Amino acid sequence: MQVLNEVVQRMPIYLLNSVNPYRLEGQKTSALELAEQFDWQVPDHVIVPGGNLANSSALGKAFLEMKDLGLISSLPRISIIQAEGANPLVRTLRETGGKELVRVQAETMATAIRIGNPASWKKAVRVLQATNGTAEQVSEVEIAVAKAEIGEDGIGCEPASAVTLAGLKKLLKQGFVQPNQTVVLILTGHLLKDPEFTLRFHRGDLFAGSGQEKETQSLSGQQRAPVVLEASVDAVIRTAEKFSN
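One structure accompanies this document, and this report is about it.

Calculation criteria
Residues numbered from 1 in each chain as written. Predicted model: local features only at pLDDT ≥ 70, side-chain atom pairs only at ≥ 80, totals over all residues. Heavy atoms only, no water. Axes fitted to C-alpha atoms, helices over the stretch in contact; angles between N-to-C directions. Helix = DSSP H or I, 4+ residues; strand = E, 2+ residues; numbered from the N terminus. Parallel < 35°, antiparallel > 145°, perpendicular 65-115°, else oblique. Contact = heavy atoms within 4.5 Å. Nonpolar A, V, L, I, M, F, W, Y, C, P; charged D, E, K, R; others polar. Pairing = 2+ DSSP bridges. Buried < 20%, exposed > 50% of the residue type's maximum accessible area, 1.4 Å probe, protein only. Right-handed = clockwise from strand over helix to strand, strands pointing away. Salt bridge = Lys/Arg side-chain N within 4 Å of Asp/Glu carboxyl O. Left-handed = near helix turned anticlockwise from the far one by under 90°. Core = buried A, V, L, I, M, F, W, Y, C linked by side-chain atoms within 4.5 Å.

Here the focus is the packing of helix 7 (residues 140-152) against helix 8 (residues 159-174). In the contact formed by helix 7 and helix 8, the axes pass within 7 Å of each other and the chain directions differ by 100°. It follows that helix 7 is roughly perpendicular to helix 8 by the angle criterion. For the pair helix 7 and helix 8, the contacting residues are E142, I143, V145, A146, K147, E149 and I150 in the first and P159, A162, V163, L165, A166, K169 and K170 in the second. A breakdown of the residues in the contact of helix 7 with helix 8 according to their chemical character gives 9 nonpolar, no polar and 5 charged.

Take the sheet that holds strand 1 (residues 45-49) next. Here we have 4 strands laid out as an open sheet, ordered 3-2-1-4, and parallel in their pairing. The sheet terminates laterally at strand 3 (135-138) and strand 4 (183-185), the two strands that pair on one side only. The sheet shows a mean angle of 25° between the axes of neighbouring strands, direction not considered.

Right, let's get into unusual backbone geometry. Within the chain, W40 stands out as a residue other than glycine whose phi angle is a positive 65°. In this fold, W40 is placed in the loop between helix 3 (29-37) and strand 1. Residue classification places W40 among the partly exposed residues on the basis of a relative accessible area of 29%. A positive phi angle is found at N132, which is not glycine, with a value near 60°. Along the chain, N132 falls in the loop between helix 6 (121-131) and strand 3.

Across the 5 residues of strand 1, 5 count as buried, placing the element largely inside the fold. Alternating residues of strand 1 divide into H45, I47 and P49 and V46 and V48, and every residue in both groups is buried. Pairing between strand 1 and strand 2 (residues 77-83): 5 bridges, direction parallel. Bridging from a neighbouring strand, H45 pairs with R77 of strand 2. Read from strand 1 through helix 4 (residues 54-69) to strand 2, the crossover connection turns out right-handed. By the bridge criterion, 3 bridges tie strand 1 to strand 4 in an arrangement that is parallel. Looking at strand 4, one finds that I47 is bridged to L185.

Scanning the entire structure with this criterion turns up 14 salt bridges. For E65, the salt bridge identified is with K61, shortest N-O distance 2.6 Å. With a gap of 4 residues between them, E65 and K61 both fall in helix 4, about one helical turn apart. A relative accessible area of 29% means that E65 is categorised as partly exposed. Classification of K61 by relative accessible area gives partly exposed; the value is 32%.

Another point: the packing of helix 5 (residues 88-96) against helix 6. Relative to each other, helix 5 and helix 6 sit at 60°, their axes nearing to 11 Å. Looking at the two axes, helix 5 sits oblique to helix 6. The element helix 5 and its partner helix 6 pack so that their crossing is right-handed. Where helix 5 approaches helix 6, its residues L89, T92 and L93 are matched on the opposing element by W121, V125 and L128. By residue class, the composition of the contact of helix 5 with helix 6 is 5 nonpolar, 1 polar and no charged.

Here we come to the pairing of strand 2. For strand 2, the buried fraction is high: 6 of the 7 residues fall into the buried class. Here strand 2 runs beside strand 3; their pairing, made up of 4 bridges, is parallel. In the strand pairing of strand 3, A83 is matched with V138.

Tracing the chain through its elements places A166 in helix 8. In sequence terms A166 and E142 are 24 residues apart; their C-alpha atoms lie 5.8 Å from each other.

The next subject is the nonpolar core. The biggest cluster of nonpolar side chains holds 18 residues, and the ones touching the most others in it are I81, I113, V138, I143 and V163. Among the elements that line this core, the one with the most residues is helix 8, at 7 residues. Sequence-distant contacts of I143, that is, excluding residues within four places in its chain, are made with A83, T108, A110, V138, P159, A162, V163 and A166. By size, the runner-up hydrophobic cluster in this structure holds 15 residues, among which are A31, F63, M66 and I78.

Listed below in structure tokens is the structure:
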């Protein structure tokens, strides 16, 4: 990020990442569509994956502006979920009260949120404070379980998106989210954004050599061994017919 910021000062290159305020303005669209689909009665909670923290910042900005305009009468609590191995926001809130960023050496299989120095952390902290939200972290196993559960409902998401469901489980146990409340989980990436995670999960070697094999034995019931086909039309049709009968 430091290199990139200097490069754009010295060359005619346009910065299009989360530092760019216009990108966040565009990302507000999801909050506007969410409110419209709820007939302008916002949910009690909106839970977002936390990587570079642009999505949560944009959602919060949009909801605050809608309330100022009178389009909605209340704000949802916006909460941000990070992986335990890439948790700079969680640590920032717990260790400095949100005043100074705690950078981390990010390590998680949820590649889209493998960020240790998020660009929009200050904006995200303000959103959490303005909406009375919170930040929580989840383990790699919790992410894998949540991703499989979302998949059972026919929704293919990347592991980074599944942190929202894993985080919701924790927030329910903590009492931060009540069973009778309305919750929206934001899924930010399609299954094919990180296909290797899915393949390894269903092959059963996602956590091989990690020391978590015993912890992940419960996942076996959700694993479906990948079907390997020759690259021919007939092979694809035969397999499709087999599973359609």
